[in-house]
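Secondary and tertiary structure notes
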Amino acid sequence: MKLKTVLLAGTVLGVAFAAAGASAAEKTEKKASANAATAAAATPLATQAQIDALNKQIQALQSQLQALATQSDAANKAAAESKAAAEKAATSVTTATANLPSITFPNGVPTITSADKAFSFQPVGRIHLDYGYNFQDAKSPDNRANKDITDGFNFRRAYLGFAGKAFNDFTYNVTADFPGRFNQSGRLQTAQLSYNGYKGWIIDVGAMQPAFTFEDSISSNDIGLLERPGINNVVTGLIASEGRVSAGVRTFGENYFADVYLTGDSVNTSPFGSTTVLTSTAGATSSVTSSATTGVADDQKAVFARAAYRPINDEHTIVHVGADVGYMYAPPQTNGVNAAGSHVLSLSERPENRYGGLGSILSTGNINADSVAIYGGELAARYDSFWVQGEGYQIDIQRRKDLSTATSDPSFFGYYAEAGWVLTGQKRNYVANQGAFSAPTVDKPLNPGAGQWGTWEAVVRYSFLNLNSDTWATNTANRVRGGQQEIWSLGLNWYLTPSVRFMLDYQFIDLKKYSSATNNTQVGDNWQSLGGRVQFTF
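What you see is a predicted model, and the numbers here were worked out from it, not measured in a lab. (Residues numbered from 1 in each chain as written. Predicted model: local features only at pLDDT ≥ 70, side-chain atom pairs only at ≥ 80, totals over all residues. Heavy atoms only, no water.)

The next thing to look at is the nonpolar core. Most often, soluble globular proteins have nonpolar side chains that are buried together. With 33 residues, the main nonpolar core has I239 and I395 as its most contacted residues. Counting only elements with at least two residues in this core, the list comes to helix 2 (230–239), strand 12 (301–313), strand 17 (367–383), strand 18 (386–399), strand 19 (411–422), strand 22 (455–469), strand 23 (480–497) and strand 24 (500–512). Of the residues forming this core, the biggest block, five residues, is contributed by helix 2. Discounting chain neighbours no more than four positions away, the residues touching I239 are F212, R244, T263, Q300, A302, F304, G326, M328 and I374. With 11 residues, the next largest nonpolar core counts I318, A380, Y430 and F437 among its residues. (Core = buried A, V, L, I, M, F, W, Y, C linked by side-chain atoms within 4.5 Å. Buried < 20%, exposed > 50% of the residue type's maximum accessible area, 1.4 Å probe, protein only. Helix = DSSP H or I, 4+ residues; strand = E, 2+ residues; numbered from the N terminus. Contact = heavy atoms within 4.5 Å.)

Our focus in this paragraph is the packing of aromatic side chains. With the rule as written, the count across this model stands at 22 aromatic pairs. When the ring of W387 is compared with that of F437, the centres are 6.4 Å apart and the planes differ by 65 degrees; the resulting orientation is edge-to-face. Here F437 lies in strand 21 (residues 436–440) and W387 lies in strand 18, a separation of 50 residues in the sequence. Taken individually, W387 and F437 each receive the classification buried, so the pair is uniform in this respect. A ring pair is formed by W494 and F502, whose centres lie 5.9 Å apart and whose planes are at 80 degrees; its orientation type is edge-to-face. Judged by its relative accessible area of 33%, F502 falls in the partly exposed class. Counting every residue linked through ring pairs, the aromatic cluster contains F413, Y415, Y462, F464 and W488. A cation sits over an aromatic face here: R428 above W387, 4.8 Å from the ring centre. We note R481 situated over the ring of W472; from NZ or CZ to the ring centre the distance is 4.7 Å. (Phe/Tyr/Trp six-rings, centres within 6.5 Å; stacked < 30°, edge-to-face > 60°. Lys NZ or Arg CZ within 6 Å of the ring centre and 35° of its normal.)

We now examine the UniProt feature "coiled-coil region" (unreviewed entry) in the protein. The sites that carry the UniProt feature "coiled-coil region" (unreviewed entry) are, in the present numbering, residues 51–78. Secondary structure within residues 51–78 divides into 100% helix and 0% strand; the distance between the first and last C-alpha atoms comes to 40 Å. (UniProt positions renumbered as here; feature names shortened; annotations may be inferred.)

Listed below in structure tokens is the structure:
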């Protein structure tokens, strides 16, 4: 009974609390609804004000954006125009720069080359300063023609000029020489134009030293001793010496060389001759001979050819065989056509040194000549750093017998043999377009700090020259007693750089010469000579 009463009472209380809670929730909901309605009534007025303000701000921002867009367009246009102008200027500068010549310094020599490589220009020079001393013993009796041979300094060569290329296929070289101790005016050494448009062919014209004989085809910068052999100086002096007006062609390849040239006088030969003129004195029964310079003398005219072949030509070994022929068909006219001495030649030579400006000792004197023939051969070889070369030549002169009492034609000859060894192991080079050797390579120029001492070379030569002919002929007019010389030369060359060389030579000279065609007194001499050279080229 009590349990039921308790359960019933609990149920009644639960219902009462639930009803009370529902009533309170309803009141709360109604109050919230009233508040929301109040807020909703106030909201529309605040939002419209904000929208208006935002619209004004948006309009202001749009105006600013429009202004910025306008400024940006102007800036972009200006930038584009500036870029186009800069590109145009850069193109103009590039074009202008591309047309400018370049200046380079190969081997330290300033060289100007056109943009298209068709033209070039560079200064050239060759300075050879010699000093020598001759050791002569006293003689008793002393009949020597040269009792005190000149010692001292001599500018053997002092070339200054320019060279280069023109129109791709032409090369040019213009050089003056200021040699000796007393030469104050200089002389034209070279004025040469060459065409190189055909591979393996060169056409030369101008004043030059054309390639005749092996030794003379080697540059004076590269020869093994201070001077060339006497026989080479004599034969080239007749038809192919330096400054010789010439025109010719040469061809060359891997194993061959050949050339042919027409030559005239040297440009340094005076063109004026003395002509003997016979005049009559009015009313007199005899004529009077007078001499006057009446005009320009005729140039000599000559032709020569040289050919060489290399049967062996590899990295280690070169063998060179060659032949040379020359013919002077019109000796120089120095006087009237039919005057005595009108076409005279004189062969002369110095003892293979030029110390102190030493003059000629061997000399044939004047020979009336109708023509001159020269012929000879050349042989050379190189095996690594060792090299040898030798030549021999004959000179046959046909006299003008109508102007002389001589009845025979004189002949002269000479030869030499030379050998060298590059002590530092380099090789002498071979120049194909000259058909001859050049200096050894200087692959380690002087630099003591790096242990480099340049290139060293030892050279020895024997040479013989005979300018005597019909020495004991019964007809003394046939006698030519120009003299005979034999020379042993020892040389040491130090190539400090490709442009600088020191040379030291020692000579044993034996010269025999009669006083004249009719006097058998010996006026020759034998002596020793020491000489050196400082050489600089560019």
